[in-house]
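# Notes for the structure review
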Amino acid sequence: MTSRSVSEQIAGVRIPDSALAREATELVRESAPPLLFDHSRRVFVWGALRGREEGLDFDPELLYVGALFHDLGLTEHYRRTDQRFELDGADEARRFLRAHGITGEPADRVWTAIALHTTPEIPLHMAPEIALVTRGVELDVLGIGYHAVTEGQRAAVLAAHPRPDFKNRILAAFTEGLRDRPATTFGNVKADVLAHFLPGFVRGDFVEVVKGSDWPE
């Protein structure tokens, strides 16, 4: 692993500095707007801080790729319309890792971390990297675990990656990334976003799906 002479640290968390990590950083910096890039970097730091607090043994590189790629499905370049946006980022992360010689279970672990990052509770009972991507996302977007990090840690992270008007801007990014595939939000928290911001959106109804199936009874 090749490192620069001085490794970047944010709130006491060392940012991975391998060739793989640097390429991941540049890929996301080039394809995502600053809103999503800064958010994704914060997700990594929050996740690492929560992992340290919980005494978890996690792979920083895998967590970094999971955090950086988790919202790629909201970007114009990687956005598809035939599947959930989480899968867009998960698929690209696994392709990226395989291209760098990381295959099998570690690549699948990152795929799962991204694919499940909007699914409450379940990721928290899985491998540390999976749990910590969700921890990081929940802290940055929902404020869950806000007081599990210190005021000084929050200040250091925001100094490196500010979040001006973040609440409104991230909701707008969710809406833009999902407006062309509203059906993919069925059973997902992102249906709430479209219900608020996409005119004419009608939620899928699980009860109606059951009642309307082809089964006669």
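Residues numbered from 1 in each chain as written. Predicted model: local features only at pLDDT ≥ 70, side-chain atom pairs only at ≥ 80, totals over all residues. Heavy atoms only, no water.

### Quick look at unusual backbone geometry
Not every positive phi belongs to a glycine, and E121 is a case in point at roughly 75°. Within the element layout of this structure, E121 appears in the loop between helix 5 (104-115) and helix 6 (128-142). With a phi angle near 50°, D165 is a residue other than glycine that sits in the positive phi range. (Helix = DSSP H or I, 4+ residues; strand = E, 2+ residues; numbered from the N terminus.)

### Some details on the packing of aromatic side chains
All told, the structure shown has two aromatic pairs when counted by the stated rule. Measuring from centroid to centroid gives 5.1 Å for F44 and Y64, while their planes differ by 85°, and the two rings are edge-to-face. Note that F44 is positioned in helix 2 (residues 34-54) and Y64 in helix 3 (residues 60-69), a separation of 20 residues in sequence. This pair shows no difference in class: F44 is buried, exactly as Y64 is. Taking the centre distance of 5.1 Å and the plane angle of 45° together, the rings of F69 and F96 count as tilted. Here F96 lies in helix 4 (residues 85-99) and F69 lies in helix 3, a separation of 27 residues in the sequence. A residue is classified by how much of its surface remains accessible, and F96, at 7% relative accessible area, is buried. If you follow R42 out to its NZ or CZ, it ends over the ring of F166, 4.8 Å from the centre. (Phe/Tyr/Trp six-rings, centres within 6.5 Å; stacked < 30°, edge-to-face > 60°. Buried < 20%, exposed > 50% of the residue type's maximum accessible area, 1.4 Å probe, protein only. Lys NZ or Arg CZ within 6 Å of the ring centre and 35° of its normal.)

### Notes on helix 3
Spacing of three or four residues puts side chains on the same side of an α-helix, whose turn is 3.6 residues. Among the 10 residues that make up helix 3, nine are buried, leaving the element largely enclosed by the rest of the structure. Turning to helix 3, its buried residues are E61, L62, L63, Y64, V65, G66, A67, L68 and F69. Lining the buried residues of helix 3 we find helix 1 (19-31), helix 2, helix 4, helix 5 and helix 6. Measuring from the backbone nitrogen of E61 back to the side-chain oxygen at the start of helix 3 gives 2.9 Å, which picks out D59 as the cap. (Contact = heavy atoms within 4.5 Å. Polar contact = N/O pair within 3.5 Å; in protein donor to acceptor, adjacent residues only side chain to side chain.)

### Digging into the pattern of salt bridges
Any two side chains of opposite charge can pair, given that their charged atoms come close. Enumeration over the complete set of coordinates arrives at 17 salt bridges. Of the charged contacts in the structure, one is a salt bridge between R42 and D140, with a shortest N-O distance of 2.8 Å. Taken together, the residues span a long stretch of sequence, with R42 in helix 2 and D140 in helix 6 at a distance of 98 residues. The pair R42 / D140 is uniform in exposure class, with both members buried. Ionic pairing is found between R84 and E86, a salt bridge with its closest N-O pair at 3.2 Å. Through salt bridges that share partners, R50, E53, E54 and R135 make up one connected network. (Salt bridge = Lys/Arg side-chain N within 4 Å of Asp/Glu carboxyl O.)

### Some words on the confidence of the model for the chain
Looking at the chain as a whole, the pLDDT averages 96, with 97% of positions reaching at least 70. Under a pLDDT of 50 for its full length, residues 1-5 has, in the predicted model, nine contacts with residues more than four places off or in other chains. (pLDDT = per-residue confidence, 0-100.)

### Considering the nonpolar core
Residues V28, F44, V45, V65, F69, F96 and L97 are the most contacted members of the largest nonpolar core, which totals 58 residues. Elements represented by at least two residues in this core include exactly helix 1, helix 2, helix 3, helix 4, helix 5, helix 6, helix 8 (166-178) and helix 9 (190-197). In this structure L97 touches L20, V65, I102, A107 and V110, once residues within four positions along its chain are discounted. (Core = buried A, V, L, I, M, F, W, Y, C linked by side-chain atoms within 4.5 Å.)

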